[in-house]
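Coordinates in review
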Amino acid sequence: SDLEASVKYFLMGAFATGFLLFGFALLYGSVGSFDLETIGQFSQKQDGNTKFILGAIFVLGAMAFKVAMVPFHMWSPDVYYGSPTWITLFMASVVKIAGFYAFFRLMNIAFIGIREDWLLVLYGMISLTLLVGSFLGLVQDDVKKMLAYSSIVNVGYIGLVFFGVDENSVQNLAFYLLAYSLANVGVFMGVIWVEKYKESTFYYSFNGLAKSQKLLALTISISLLSMAGIPFTAGFMGKLGMFLPAMKDSLFLVILAVLASMVSVAYYLRLIMAMYFQKGGNNQFTQKLNLSYQLIAIFVIVLTFILGVLGSKILYYLK
């Protein structure tokens, strides 16, 4: 229910914020400043400062919670499922963008001196995130829960930005987050529409959607293919920007990410199959798609292919 989801998110969010503040307090206690550059300089000079290391661990844990990285992901599926779908879309896109950008800056500026140590921790967490997100997504019967696990596995892909960091890392991160958010808008738009008329987000609620709502089904399908990283979509270019630099630091993680990507294709295809190849029930989608939905659908489809085909040129101009 909405209430259960909000209480769960509030309590666990408050707990993680407490960790973050405690971490910042320890950092301030050892460095005497909140400036990221100053903390970064201290991190390069410190030699096993326990207070500083503890502060870094608390901050890492809190930021991992904010972006739902395993093992701090437990709140994510329940909150996604229990929240109104508009809120779920907001959390899957805007909250992820802000959380990951802050996470990336904090770790690479404030804790640059202990990079080897926290990279090792992230290595384990990202490996688990990729495995949990891809395999638990397979056993879901509800599309919103499937998208929650899809969001977790995407955290694993985005986490690869910490490996093989170079001058293009921020642009690659921005491009991936844009592509991922665009795909989320395309899928959740369809989920919101189906939920409005079927009052359910189970896979069978989408049966036969393509027969009566071709544009909506096409938007969902293209967005799912973009999430899966199929060539000529924005998601493919985004994944390329994440995977290629990370190969310098960790080939194993990239191979794991590719395998996780292949597993997640299975549950994306399940939804596409339901829309195109399953017969709908008596309560069919006869309502006309209103203009705002049509405009968003066209915008998502066009931009997904523009970013997919011209992604490298766009990234070049972002530099």
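Scroll up to find the structure.
Right, let's walk through the structure included here.

Overview of the overall build of the protein chain
Looking only at helices and strands, the protein chain features 13 helices and zero strands. Its C-alpha radius of gyration of 20 Å places the protein chain within 12% of the 20 Å reference for a compact globule of 319 residues. With respect to the principal axes defined by its C-alpha atoms, the protein chain has extents near 70 × 45 × 35 Å. Carbon and sulfur atoms make up 70% of the accessible area of the protein chain, which totals about 14400 Å². Counting 20 positive and 15 negative side-chain charges, the protein chain places the centres of these two groups 11 Å from one another.

Side note on a nonpolar patch on the surface
A cluster of nonpolar side chains, contributed by Leu240, Leu244, Met247, Leu251, Ile255, Val258, Leu259 and Met262, occupies part of the molecular surface with about 710 Å² of accessible area. With five residues, the top contributor of residues to the nonpolar patch is helix α12 (residues 251–277). Relative to the helices and strands, Leu259 resides in helix α12.

Focus on empty space enclosed by the protein
Scanning the entire structure with this criterion turns up two cavities of 30 Å³ or more. Volume-wise, the largest cavity comes out at about 60 Å³. Taken together, Asn154, Tyr176, Ala179, Tyr180, Ala183, Ser226, Met227, Gly235 and Lys239 make up the lining of the largest cavity. Elements with a minimum of two residues in the lining of the largest cavity: α8 (169–198), α10 (214–228) and α11 (234–249). If one sorts the elements of the lining of the largest cavity by residue count, α8 sits on top with four residues. Partitioning the lining of the largest cavity into residue classes produces five nonpolar, three polar and one charged. Roughly 40 Å³ of internal volume is contained in the second largest cavity. What lines the second largest cavity is simply Leu160, Val161, Phe163, Gly164, Ser169, Asn172, Gly241, Met242, Pro245 and Ala246.

Calculation rules
Residues numbered from 1 in each chain as written. Predicted model: local features only at pLDDT ≥ 70, side-chain atom pairs only at ≥ 80, totals over all residues. Heavy atoms only, no water. Helix = DSSP H or I, 4+ residues; strand = E, 2+ residues; numbered from the N terminus. Rg over C-alpha atoms; globule rule 2.2 N^0.38 Å. Areas by Shrake-Rupley, 256 points an atom, 1.4 Å probe, with all protein chains shown as cover. Lys, Arg positive; Asp, Glu negative; His and termini not counted. Charge placed at Lys NZ, Arg CZ, Asp CG, Glu CD. Patch = residues over 30% accessible without salt bridge, like charges linked within 9 Å, V, L, I, M, F, W, Y side chains within 5 Å. Salt bridge = Lys/Arg side-chain N within 4 Å of Asp/Glu carboxyl O. 1 Å grid on protein atoms, 1.4 Å probe; cavity = no way out; pocket = protein on both sides within 12 Å on 5 of 7 lines; lining within 4 Å. Points joined across faces, edges and corners; volume = space filled by probe spheres on them. Nonpolar A, V, L, I, M, F, W, Y, C, P; charged D, E, K, R; others polar.

What is shown is where atoms sit, not what they do.
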